[in-house]
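One letter stands for each residue in the lines below.
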Amino acid sequence: KQEVTQIPAALSVPEGENLVLNCSFTDSAIYNLQWFRQDPGKGLTSLLLIQSSQREQTSGRLNASLDKSSGRSTLYIAASQPGDSATYLCAAPYSGGGADGLTFGKGTHLIIQP
Amino acid sequence: GAVVSQHPSWVICKSGTSVKIECRSLDFQATTMFWYRQFPKQSLMLMATSNEGSKATYEQGVEKDKFLINHASLTLSTLTVTSAHPEDSSFYICSARGGYGMAPYEQYFGPGTRLTVT
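Owing to the predicted nature of the structure, the values given are computational and were not obtained by experimental measurement. (Residues numbered from 1 in each chain as written. Chains lettered and ligands numbered in written order. Predicted model: local features only at pLDDT ≥ 70, side-chain atom pairs only at ≥ 80, totals over all residues. Heavy atoms only, no water.)

Undergrad: How should I be thinking about the interface of chain A and chain B in this particular structure?
TA: Frequently, the measure chosen for interface size is the accessible area removed from exposure when the parts meet. In this assembly, 22 residues from chain A lie in contact with 18 residues from chain B. The contact between chain A and chain B buries some 1,500 Å² in all, and 56% of this surface belongs to carbon and sulfur atoms. On inspection of chain A and its partner chain B, the count reaches zero salt bridges. At the boundary of chain A and chain B, one finds four residue pairs in polar contact (both at pLDDT 80 or more). Put simply, the parts of the chain that give the side of chain A that touches chain B at least two residues each are strand 4 (32-38), strand 5 (44-51) and strand 10 (102-104) of chain A. Looking at side-chain class alone, the side of chain A that touches chain B contains nine nonpolar, 10 polar and three charged residues. (Contact = heavy atoms within 4.5 Å. Buried area = accessible area lost by both parts, 1.4 Å probe. Salt bridge = Lys/Arg side-chain N within 4 Å of Asp/Glu carboxyl O. Polar contact = N/O pair within 3.5 Å; in protein donor to acceptor, adjacent residues only side chain to side chain. Helix = DSSP H or I, 4+ residues; strand = E, 2+ residues; numbered from the N terminus. Nonpolar A, V, L, I, M, F, W, Y, C, P; charged D, E, K, R; others polar.)

Undergrad: For this particular structure, what's the right way to read the sheet that holds strand 8 (residues 76-81) of chain B?
TA: Paired through their backbone hydrogen bonds, the strands of a sheet run either parallel or antiparallel. Residue and element names in this part refer to chain B. What the four strands build is an open sheet, ordered 1-3-8-7; its pairing is antiparallel. Each having just a single partner strand, strand 1 (4-7) and strand 7 (67-73) make up the two edges of the open sheet. Mean inter-strand twist for the sheet, computed between neighbouring axes without regard to direction, equals 15 degrees. Bridge analysis of strand 7 against strand 8 gives five bridges, and the strand direction is antiparallel. Residue pairing in the sheet places F67 in a bridge with V81 of strand 8. (Pairing = 2+ DSSP bridges. Axes fitted to C-alpha atoms, helices over the stretch in contact; angles between N-to-C directions.)

Next up, the structure:
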């Protein structure tokens, strides 16, 4: 059974800082890993999907890396802005491989101070 | 592309009644859809996997007779909460796995349905 852990649980920083959010997973036989953003009371916004054959993916100020051997992924946010304030969720396939549902971490609650 | 919708977006019902939530893939066919539940201040938990034309697979601890899932077409899955009780109040989110020509095994999430049982 997959287990996903995210560190830190919460983070509050002034705007402009570069940030690193960490995710670890126990079953490295994954096909991909996804990062999501969730605003309060809202659904999920997919940020990045990294296939197991990839080491990283970039979208604008976001960069996500994947190291299957160590069971870790990081989400890097450059030049943070108040609009980045949200909960960031990491998710990996439920039972390994990629055919099953996702196991989510508890998230990192991010606050960017103006 | 790859849009998933849910209906309704929020619903309030009385204890003992049943509520149906729809999940639709609007611009792609999804042979597999998933249902998740999120309690306040907690993360998402997988409830069940729904495959078109076959019975859903439920995760441990999820009552299949209480949470009825039907995946009758390649674009529609429904979750019916039967005899709802206040403890069923939660945020229910579905996802659909992309098909041919889409990123392998990527899941596309609906906006969620907030259920409140009074």
